[in-house]
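Summary of structural features
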Amino acid sequence: KNEVEQSPQNLTAQEGEFITINCSYSVGISALHWLQQHPGGGIVSLFMLSSGKKKHGRLIATINIQEKHSSLHITASHPRDSAVYICAVTGNQFYFGTGTSLTVIP
Amino acid sequence: EPEVTQTPSHQVTQMGQEVILRCVPISNHLYFYWYRQILGQKVEFLVSFYNNEISEKSEIFDDQFSVERPDGSNFTLKIRSTKLEDSAMYFCASSEAPPGRKYTEAFFGQGTRLTVV
């Protein structure tokens, strides 16, 4: 049983394209996190949100609590954005999605 | 910027050996976590720790595993008798507040890649 589902699992884009990664969850949450995992394995927190929308540079994260859905958008994608993007939600513990592997081709 | 540090970055051990993975959480954080990620699979929760005791643990965290905060700064994960299937990346994380709070943000270490041969 997956409490958090992400789509797509894999995504290849040309540099400059607008990218959307989706996350749906089935548990009650207090917050949703978007994480970035680099090829070396390290995990970096990009966003934490419990409502609405947040923007950081070329990254935008939105959440719809009623629909239990979140999206991560990357505008003007760049090869350095290539990484695995993980959606995680906070209930009584952290639940992780399986990740979306993004490759941006120059 | 404060960060969670983990050592070693990579550990190779023989099956049946004990390993200790070490983590230094962010200094003012009170909640500590271990996660693991088997190659090609999703990150899985192992255990959370607060006030010198385990607050939550998953089915994965059986009697082979233990956690300890031996001093004011370190947080360790011990695997008593490693199995091949323990090979994974192990992540430590810490937070100021418990996971159920609305604005709890966890900070992750870079991970320790454990290879059991």
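Structural notes, computed from the coordinates. (Residues numbered from 1 in each chain as written. Chains lettered and ligands numbered in written order. Predicted model: local features only at pLDDT ≥ 70, side-chain atom pairs only at ≥ 80, totals over all residues. Heavy atoms only, no water.)

Topic: the pairing of strand β1 (residues 4-7) of chain A
Residues and elements named next belong to chain A. For the record, the criterion: With a 1.4 Å probe rolled over the protein chains alone, any residue whose accessible area is under 20% of its type maximum counts as buried; one over 50% counts as exposed, and the rest are partly exposed. Under the DSSP-based scheme used, a helix requires at least four consecutive residues in state H or I and a strand at least two consecutive residues in state E, with every element numbered from the N terminus. At least two DSSP bridges between two strands are required for those strands to pair.
Residues Val4 and Gln6 point to one face of β1 and are all buried, whereas Glu5 and Ser7, pointing to the other face, are not buried. Relative to strand β3 (residues 19-25), β1 runs antiparallel, the two being bridged by four bridges. Considered in β3, the bridge of Val4 is made with Tyr25.

So, unusual backbone geometry
Following Ser7(A), the chain continues to Pro8(A) via a peptide bond in cis, the omega torsion being -10°. Inspection of the secondary structure assignment puts Pro8(A) in the loop between β1 and β2 (10-14). Following Thr7(B), the chain continues into Pro8(B) via a peptide bond in cis, with omega recorded as -10°. Turning to its location among the elements, Pro8(B) is positioned in the loop between β1 (5-7) and β2 (10-13). Positive phi, close to 45°, is recorded for Ala76(A), a residue that is not glycine. Along the polypeptide, Ala76(A) turns up in the loop between β8 (69-74) and β9 (83-90). A relative accessible area of 43% means that Ala76(A) is categorised as partly exposed. One non-glycine residue, Asn52(B), lies in the positive phi region at around 65°. On the secondary structure map, Asn52(B) appears in the loop between β5 (43-50) and β6 (53-57).

Description of the nonpolar core
Test applied: Working definition of a nonpolar core: buried Ala, Val, Leu, Ile, Met, Phe, Trp, Tyr and Cys residues. They are joined through side-chain atoms within 4.5 Å. Whether two residues are in contact is decided by their heavy atoms, any of which lying within 4.5 Å being enough.
Counting 24 residues, the largest nonpolar core has Leu32(A), Trp34(A), Phe47(A), Leu72(A) and Tyr85(A) as the members making the most contacts within it. If you list the elements that add at least two residues to this core, you get β3, β4 (31-37), β5 (43-49), β7 (59-64), β8, β9 and β11 (100-105) of chain A. Ignoring any residue separated from it by four or fewer positions in sequence, one finds Phe47(A) in contact with Leu32(A), His33(A), Trp34(A), Lys54(A), Lys55(A), His56(A), Leu59(A), Ile60(A), Ala61(A) and Leu72(A). Val4(B), Ile26(B), Phe61(B) and Phe65(B) belong to the second largest nonpolar core, which has 22 residues in total.

Focus: the pattern of salt bridges
Inclusion rule: Take a side-chain nitrogen of Lys or Arg and a carboxyl oxygen of Asp or Glu: if they are within 4 Å of each other, that pair is a salt bridge.
Considering all chains together, one arrives at two salt bridges over all chains under this definition. Here Arg58(A) ties to Asp81(A) by a salt bridge, and the two come within 2.9 Å at their closest N and O atoms. Linking Arg58(A) in the loop between β6 (52-56) and β7 with Asp81(A) in the loop between β8 and β9, this pair joins segments that are 23 residues apart in sequence. Overall, Arg58(A) belongs to the partly exposed group, its relative accessible area being 26%. Arg36(B) is paired through a salt bridge with Glu44(B); the nearest N and O atoms lie 3.1 Å apart. Given a relative accessible area of 10%, Arg36(B) falls into the buried group.

A closer look at the side chain of Ser70(A)
All names here are of chain A. Formally: In protein, a polar contact requires one atom able to donate a hydrogen and another able to accept it; more generally it is a pair of N or O atoms within 3.5 Å, and residues adjacent in sequence count only if both atoms are side-chain atoms.
With respect to the helices and strands, the residue Ser70 is situated in strand β8. A residue is classified by how much of its surface remains accessible, and Ser70, at 0% relative accessible area, is buried. Looking at Ser70, its side chain comes within polar contact range of the side chain of Trp34, at 3.0 Å. In terms of polar contacts, Ser70 uses its side chain to reach the backbone carbonyl oxygen of Thr62, at 2.6 Å. The residues touching Ser70, leaving out its near neighbours within four places in the chain, are Ile21, Asn22, Cys23, Leu32, Trp34, Thr62 and Ile63.

None of the figures reported here should be taken as evidence of function without further support.
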